[in-house]
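# Results of the structural survey
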Amino acid sequence: MSMRMSRFAALTSSLLLAAGAALFGAGQASAAAQADFGYVALGDSYSSGVGAGNYDSASGDCKRTSRAYPALWAAAHSPQSFSFTACSGARTGDVLASQLAPLNSGTDLVSITIGGNDAGFSDVMTTCVLQSESTCVSRVNEAKAYVDSTLPGKLDQVYSAIDSRSPNARVVVLGYPRFYKLNGTCVTGLTEGERSAINGAADYLNAAIAKRAADHGFAFASAVGAFTGHEICSGSAWLHSLNWLNIGESYHPTATGQSSGYLPVFTSAA
């Protein structure tokens, strides 16, 4: 039986369990299902919760927080085991090197955001903030070229490793939001051309991630719709704009962005 068929068989078993619950007591069946449910949250700063505040000091530079969508989901659903290894600044190689240890054949659910740092997200934003529109657009195009040429192979390595370690898990790969509402409330800062180029790069990155996720049989959950109307320059932003006093939180979801943006998207996909 293939790995994907194994997941189908697991789903079928879950449906049978639900039917049994209706006959023999929903409370007992629910408790039994919950008792052995394991969830592992992997990824970069969008999963660790940078920008949401209230960071766990024990997580150090990874800046994990109870306000991030993985922790919020775990608090609402009480899995027997919850391993939170997402880390600020993580690239695909970091996931492979230091985040996969909690995965095993009993893992039921995995979430991950990854790829933005590989594609040079931070450098793109720095270039666009500090340099000309033409230089910004050139740097965006350079990042898109990387997404075409190199990122798919790196994503394949991560997704294959997850599948190998946790062949029966439902894996949800989450994308990134668009950062700007065009023709919005911002009257200073980047030009509309720069904002449009950055949004286009986010779409380009999301499309590549979605394709690789689908090819591995994983679910892809887009964050774009959830953040529409809440981008920077929207007047009701769920993303931090540039903050010179706290550069690390710039262009990351706020606590509301995690709870009202990412959490519903993940809950629906999970």
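Residues numbered from 1 in each chain as written. Predicted model: local features only at pLDDT ≥ 70, side-chain atom pairs only at ≥ 80, totals over all residues. Heavy atoms only, no water.

### Quick word on the state of the cysteines
For the structure on display, the rule yields three disulfides. Between the sulfur atoms of Cys62 and its disulfide mate Cys87 the distance is 2.0 Å. The S-S bond linking Cys62 to Cys87 shows a torsion near -85°; that makes this disulfide left-handed. With Cys62 in the loop between α3 (45-48) and α4 (69-77) and Cys87 in the loop between β2 (81-84) and α5 (92-98), this pair connects stretches of sequence that are 25 residues apart. Overall, the relative accessible area of 16% leaves Cys62 in the buried class. Shown here is the disulfide that connects Cys128 with Cys136, its sulfur atoms set 2.0 Å apart. With the S-S bond torsion at 80°, the cross-link from Cys128 to Cys136 turns out right-handed. We note that Cys128, like Cys136, is buried. (Disulfide = S-S within 2.5 Å. Helix = DSSP H or I, 4+ residues; strand = E, 2+ residues; numbered from the N terminus. Buried < 20%, exposed > 50% of the residue type's maximum accessible area, 1.4 Å probe, protein only.)

### Overview of the pattern of salt bridges
Applying the stated criterion across every chain, the model contains six salt bridges. For Arg139, the salt bridge is made with Asp123, and the minimal N-O distance between the two is 2.5 Å. In this pair, Arg139 sits in helix α7 (residues 133-149) while Asp123 sits in helix α6 (residues 121-130), placing the two residues 16 residues apart along the sequence. Arg139 sits in the buried class, given a relative accessible area of 12%. Asp215 is the partner of Lys211 in a salt bridge, and the nearest nitrogen-oxygen pair spans 2.5 Å. (Salt bridge = Lys/Arg side-chain N within 4 Å of Asp/Glu carboxyl O.)

Shape is all these values report; function is a separate question.
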